[in-house]
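Working through the structure, step by step
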Amino acid sequence: MKLALVFSATVTIAGWSATASAQDTVESLKEEIIDLAESFKGEGDPDFSKQNQLDVLVDRLLELAPQPPVEERLPLLMGAWYQVWGPYDYRNNDRGVDPNGPTDDIYQVIFPGGYYWNVSPNYKKGNRDRERVGLLRGEYTLNPENDNLLFAKFTAYPGNRTRPENMEIWELAALAEAKQLPDPITILPRWLVRILFSGGVLREVYTDNDLRITYGSDGESFQRENIYVMTKAGALPED
């Protein structure tokens, strides 16, 4: 009996050590991914060389922390996510940097009920002194044929706003959804947004409380997926 108890304790301790070691590796890989993505901030990636470096680390992370289907991870996805690194130009297909667009303060705010808001600054003719905050609403649905995919389509573009005082720009998303933005204006009617703004697919590969890694594509071909490395920026407002 005494030998059995000792053996059991040894197995338990060894199991705990292996788990702790694996967790340390997961955390170190997460930190490495974020640091590498941060080093790419503001840079394009026309030859995919930067994304390829991240892909290697992401694959290692997924080996240590396999993910359940995205439907089970939806509660973790709720909230505001800050783009550490990802695409900077959607007008062209060269994975460059839009000179009139942001390279920082890029957010996606995901809400229950199947909708989200993209929030980021924009600069008229690239003039950083003429900053406005743009908001673009989208809707997401689960893809029944792949348990890691979300279909996404844009539905509303309520115009640009000045940077708010005493609040983060991503907090404008909840106000926009509630139609409580100051000086409400409509740049484009919703039906025209659905036509002019193409949708796409998000392949959600990793999600936890503070890191999200997803790949976006137009849904027609997954040969040119764009990686988004995102960290949690904040929780949704309480009802």
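Residues numbered from 1 in each chain as written. Predicted model: local features only at pLDDT ≥ 70, side-chain atom pairs only at ≥ 80, totals over all residues. Heavy atoms only, no water.

Our focus in this paragraph is the overall build of the protein. Each helix and strand in the protein was counted, giving five helices and nine strands. Listing the helices and strands of the protein from first to last along the sequence gives α-α-α-β-β-β-β-β-β-α-α-β-β-β. Excluding contacts between residues fewer than 6 apart, the proportion of contacts in the protein whose partners are at least 24 apart in sequence is 62%. When the accessible surface of the protein is summed, it comes to about 13600 Å², and 53% of that surface belongs to carbon and sulfur atoms. (Helix = DSSP H or I, 4+ residues; strand = E, 2+ residues; numbered from the N terminus. Contact = heavy atoms within 4.5 Å. Areas by Shrake-Rupley, 256 points an atom, 1.4 Å probe, with all protein chains shown as cover.)

Take the packing of aromatic side chains next. Given two aromatic rings, their pairing is described by the distance between the two centres and the angle made by the two planes. Summed over all chains, the structure comprises four aromatic pairs. Seen from the ring of F40, K50 lies directly overhead, with NZ or CZ sitting 5.9 Å from the centre. Across from the ring centre of F48, 3.6 Å away, lies the NZ or CZ of R95, which sits over that ring. (Phe/Tyr/Trp six-rings, centres within 6.5 Å; stacked < 30°, edge-to-face > 60°. Lys NZ or Arg CZ within 6 Å of the ring centre and 35° of its normal.)

Moving on, we come to the confidence of the model for the protein. Per-residue confidence for the protein averages 83 on the pLDDT scale, and 80% of its residues sit at or above 70. Counting interchain partners and residues more than four positions distant, the pLDDT-below-50 stretch residues 1-20 has zero contacts. When the criterion is pLDDT under 50, residues 191-196 qualifies, and its contacts beyond four places in sequence or with other chains add up to eleven contacts. (pLDDT = per-residue confidence, 0-100.)

Residues L54 and I213 are the most contacted members of the largest nonpolar core, which totals 38 residues. Leave out the neighbours within four places in its chain, and I213 touches I33, V58, L61, R203, E204, V205, Y206, I227 and Y228. Within the second largest apolar cluster, 16 residues are counted, among which are L150, F154, Y157 and Y228. (Core = buried A, V, L, I, M, F, W, Y, C linked by side-chain atoms within 4.5 Å. Buried < 20%, exposed > 50% of the residue type's maximum accessible area, 1.4 Å probe, protein only.)

With respect to the helices and strands, the residue Q67 is situated in the loop between α2 (49-64) and α3 (70-77). Taking the C-alpha atoms as reference, Q67 lies 7.1 Å from V205; in sequence the two are 138 residues apart. When near neighbours in sequence (up to four residues on either side) are disregarded, Q67 contacts L62, R73, V205, Y206 and T207. A distance of 3.0 Å separates the side chain of Q67 from the backbone oxygen of A65, its partner in a polar contact. (Polar contact = N/O pair within 3.5 Å; in protein donor to acceptor, adjacent residues only side chain to side chain.)

Moving on, we come to the pattern of salt bridges. Between side chains of opposite charge, pairing is possible as soon as their charged atoms come close. All told, the structure shown has eleven salt bridges when counted by the stated rule. The shortest N-O distance in the salt bridge between E139 and R137 comes to 3.1 Å. Assessed through its relative accessible area of 25%, E139 is described here as partly exposed. What makes R137 buried here is its relative accessible area of 7%. One salt bridge connects E225 with R203, and the closest N-O pair in it is separated by 2.9 Å. Note that E225 is positioned in the loop between β8 (211-217) and β9 (226-234) and R203 in strand β7 (residues 200-207), a separation of 22 residues in sequence. Overall, the relative accessible area of 27% leaves R203 in the partly exposed class. Each of E27, K30, D208 and D210 takes part in a single network of salt bridges with overlapping partners. (Salt bridge = Lys/Arg side-chain N within 4 Å of Asp/Glu carboxyl O.)

Here α3 has its buried residues at V70, R73, L74 and L77. The buried residues of α3 occupy an angular sector of 145 degrees when projected down its axis, which confines them to one face. Among the exposed residues of α3, those pointing more than 90 degrees away from its buried face are E72 and P75. Residues of α3 that are buried sit in contact with β1 (79-85), β2 (107-111), β4 (131-142), β5 (149-156), β7 and β8. Where α3 terminates, the next one or two residues include G79, which has phi positive at roughly 125 degrees. (Arc of directions from axis to C-beta.)

What follows is about empty space enclosed by the protein. Per the counting criterion, the structure on display carries one cavity of 30 Å³ or more. Taken as a whole, the largest cavity encloses approximately 50 Å³ of empty space. Around the largest cavity, the lining residues are Q108, I110, Y116, Y140, L150, A152, L202, E204 and R212. Mapped onto the lining of the largest cavity, the elements with two or more residues apiece are β2, β5 and β7. (1 Å grid on protein atoms, 1.4 Å probe; cavity = no way out; pocket = protein on both sides within 12 Å on 5 of 7 lines; lining within 4 Å. Points joined across faces, edges and corners; volume = space filled by probe spheres on them.)

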